[in-house]
Amino acid sequence: MANIIVVGLQWGDEGKGKVVDILSKQADIIARYQGGHNAGHTVVINNETFILHLIPSGILHEGKLCVIGNGVVIDPEALIEELNHLEKRGIKIQNRLFISYRANLIMPYHRTLDQAKEKAMGTRKIGTTGRGIGPAYEDKMARLGIRVADLLQDRIFKEKLRENLAMKNDLLRHYQSEEMSFEGIYEQYLGYAKFLRNYATDTSFLIHQALKNGQSILFEGAQGTMLDVDHGTYPYVTSSNAVAGGACTGLGIGPTHIHGVLGIMKAYTTRVGEGPFPTELNDEIGQSMRRYGAEFGATTGRPRRCGWFDALVTRYAVRVNGVSSIAVTKLDVLDHYEKIKVCIGYRYKGEVLTEFPALPEILEEAVPMYEELDGWKTPTTGIDSLEKLPYLARKYIDRLSELSEAEISIISTGPERQQTIYVPGSQVTKWFNL
């Protein structure tokens, strides 16, 4: 069995939750490597919907081990709530979930500062979820963060909390927010420490032992390439490395252990929050895409911005992630359209751009150049084999593959596990013996 990274190729919300879920059956360990509870991975099983924010989607498969790596920032309150919710629905967690000692914690002041900073930005706001993820990563990089291991050592936790509060209360006063008391946070997190002690371990060592024993790892990313802090549409990005390379640093594993990268992309494009989006449709077609695709954020409920497929985005994402194969999701959403457009270039100040630009100001002014394809106007929902797809739908898939410069191995035709096409002979069928 192979060790595979699953990564989003657009602005997140590509359907990674479903893809990780359907492939988890073939893996031994499913490991999350970055982000926080700003992620929302939706999995539908027999008409029952599960929305996961921190815990890997593999938890829904009995007997599979799940890891939350050092690259993730953890809000203990959100994690405990998610665990309790899953257990109430019959999902057993104990002895199946392992949390890195080295993961940084989201503290109450991170949430307050996140919201205060966003408000202060005014029209230049990023469009964050306001859940403290950015400020937690800021503290991590400033070497001020409080990690899981610190929380489990009372003396160290007290020292770090006092030091942080002295600085954070100055900032809170600057933003005209209420100061926070040591006692309240200390007592609250003391309770979290008792809980986390049951799950915390050296996850890098755990993964390496599993690899030595011949077990396979499925690496689960959050958000998407275009939200990566280095390679995305900066500054309108998340605060971590959502690209495939983040799996190595976010879990403590060397790149030589990785056998391939599976990129996930929608058959069209969506984005949540602020920032440039060249193919966005502010018309009835865009509204209908949102309606047909139920395009509302799994974490915040915010309506997603919708637009045509952008080949410059996916080709760029294939390159920076080293993508070996692609899964296309929500093909069935396009069943309704007579004509379907695909962006194949941008016009900018008289020039034609055929590769994704690095400068955000170019994206703000870029005008998409479209290639128009015939729609199939036939229901594809639930189709589970390539032969059953309408000819024009297959032609569309082939064109996306050609433009993205990577093979397409999975086609999702609905939210349920069985509403999936595995392309015969593709890389994914070889990796997972499908």
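Please refer to the structure placed before this passage.
Residues numbered from 1 in each chain as written. Predicted model: local features only at pLDDT ≥ 70, side-chain atom pairs only at ≥ 80, totals over all residues. Heavy atoms only, no water.

### Looking at the sheet that holds strand 9 (residues 200-201)
- Spatially, the ten strands line up as an open sheet ordered 9-7-5-2-10-1-11-15-19-20, and their pairing is mixed. Both outer strands of the open sheet, strand 9 and strand 20 (420-422), are each paired with one neighbouring strand and no more. (Pairing = 2+ DSSP bridges. Helix = DSSP H or I, 4+ residues; strand = E, 2+ residues; numbered from the N terminus.)

### Regarding the side chain of Thr238
- Tracing the sequence through the fold places Thr238 in the loop between strand 10 (217-220) and helix 9 (246-251).
- By relative accessible area, which is 11% here, Thr238 ends up buried.
- For Thr238, the residues in contact, after removing those within four places along its chain, are Asn38, Gln223, Leu227 and Val229. (Buried < 20%, exposed > 50% of the residue type's maximum accessible area, 1.4 Å probe, protein only. Contact = heavy atoms within 4.5 Å.)

### Let's talk about the pairing of strand 11 (residues 260-266)
- Counting buried residues in strand 11 gives seven out of seven residues, a clear majority hidden from the surface.
- Across the two faces of strand 11 the burial is the same, with Gly260, Leu262, Ile264 and Lys266 and Val261, Gly263 and Met265 all buried.
- Bridging between strand 1 (residues 4-8) and strand 11 involves five bridges; their strand directions are parallel. For Ile4, the partnering residue across the bridge sits in strand 11 and is Gly260.

### Quick word on the packing of aromatic side chains
- The full count for this structure, using the stated rule, is ten aromatic pairs.
- Relative to Tyr396, the ring of Trp376 lies with its centre 5.7 Å away and its plane at 50°, an arrangement referred to as tilted. One end of the pair, Trp376, is in the loop between strand 18 (367-374) and helix 13 (391-404); the other, Tyr396, is in helix 13, with 20 residues separating them in the sequence. Comparing Trp376 with Tyr396, the two get one shared label, buried.
- Directly above the ring of Phe182 sits Arg162, whose terminal nitrogen or CZ lies 3.9 Å from the centroid.
- The ring of Tyr292 carries the charged tip of Arg291 above its face, separated from the ring centre by 5.6 Å. (Phe/Tyr/Trp six-rings, centres within 6.5 Å; stacked < 30°, edge-to-face > 60°. Lys NZ or Arg CZ within 6 Å of the ring centre and 35° of its normal.)

### So, unusual backbone geometry
- Residue Pro235 is bonded to the preceding Tyr234 through a cis peptide linkage, with omega at 5°.
- Of note in the backbone geometry, Lys330 takes a positive phi value of approximately 60° without being a glycine.
- With respect to the helices and strands, the residue Lys330 is situated in the loop between strand 15 (325-329) and strand 16 (339-348).
- Positive phi is not limited to glycine here, since Asn433 has a value of about 55°.
- Looking at Asn433, the relative accessible area reads 59%, which means it is exposed.

### Notes on the nonpolar core
- Core analysis: the largest hydrophobic core is formed by 58 residues, its most contacted members being Leu161 and Leu262.
- It is helix 7 (residues 182-196) that provides the largest number of residues to this core, a total of eight residues.
- Grouped together as the second largest cluster of nonpolar side chains are 56 residues, Leu211, Val261, Ile326 and Leu400 included. (Core = buried A, V, L, I, M, F, W, Y, C linked by side-chain atoms within 4.5 Å.)

### Points about the layout of surface pockets
- Empty space within the second largest pocket amounts to approximately 260 Å³.
- Around the second largest pocket, the lining residues are His37, Ile51, His53, Asp75, Glu77, Ala78, Glu81, Glu82, His85 and Arg131.
- In terms of residues, the lining of the second largest pocket owes the most to one element, helix 2 (residues 76-88), which gives five residues.
- Partitioning the lining of the second largest pocket into residue classes produces two nonpolar, three polar and five charged. (1 Å grid on protein atoms, 1.4 Å probe; cavity = no way out; pocket = protein on both sides within 12 Å on 5 of 7 lines; lining within 4 Å. Points joined across faces, edges and corners; volume = space filled by probe spheres on them. Nonpolar A, V, L, I, M, F, W, Y, C, P; charged D, E, K, R; others polar.)

### Examining the pattern of salt bridges
- Considering all chains together, one arrives at 23 salt bridges under this definition.
- For the salt bridge of Arg304 with Asp13, the shortest nitrogen-to-oxygen distance reads 3.4 Å. Here Arg304, found in the loop between helix 10 (284-292) and strand 13 (305-307), pairs with Asp13, found in the loop between strand 1 and helix 1 (16-24); they are 291 residues apart in sequence, far enough to count as distant.
- Of the residues examined, Arg304 reaches a relative accessible area of 6% and is grouped as buried.
- Since its relative accessible area comes to 25%, Asp13 is described here as partly exposed.
- Here Glu355 ties to Arg315 by a salt bridge, and the two come within 3.4 Å at their closest N and O atoms. Highlighted residues: Glu355 in the loop between strand 17 (351-353) and helix 12 (360-365) and Arg315 in helix 11 (residues 311-321), separated in sequence by 40 residues.
- Given the relative accessible area of 42%, Glu355 is considered partly exposed. (Salt bridge = Lys/Arg side-chain N within 4 Å of Asp/Glu carboxyl O.)

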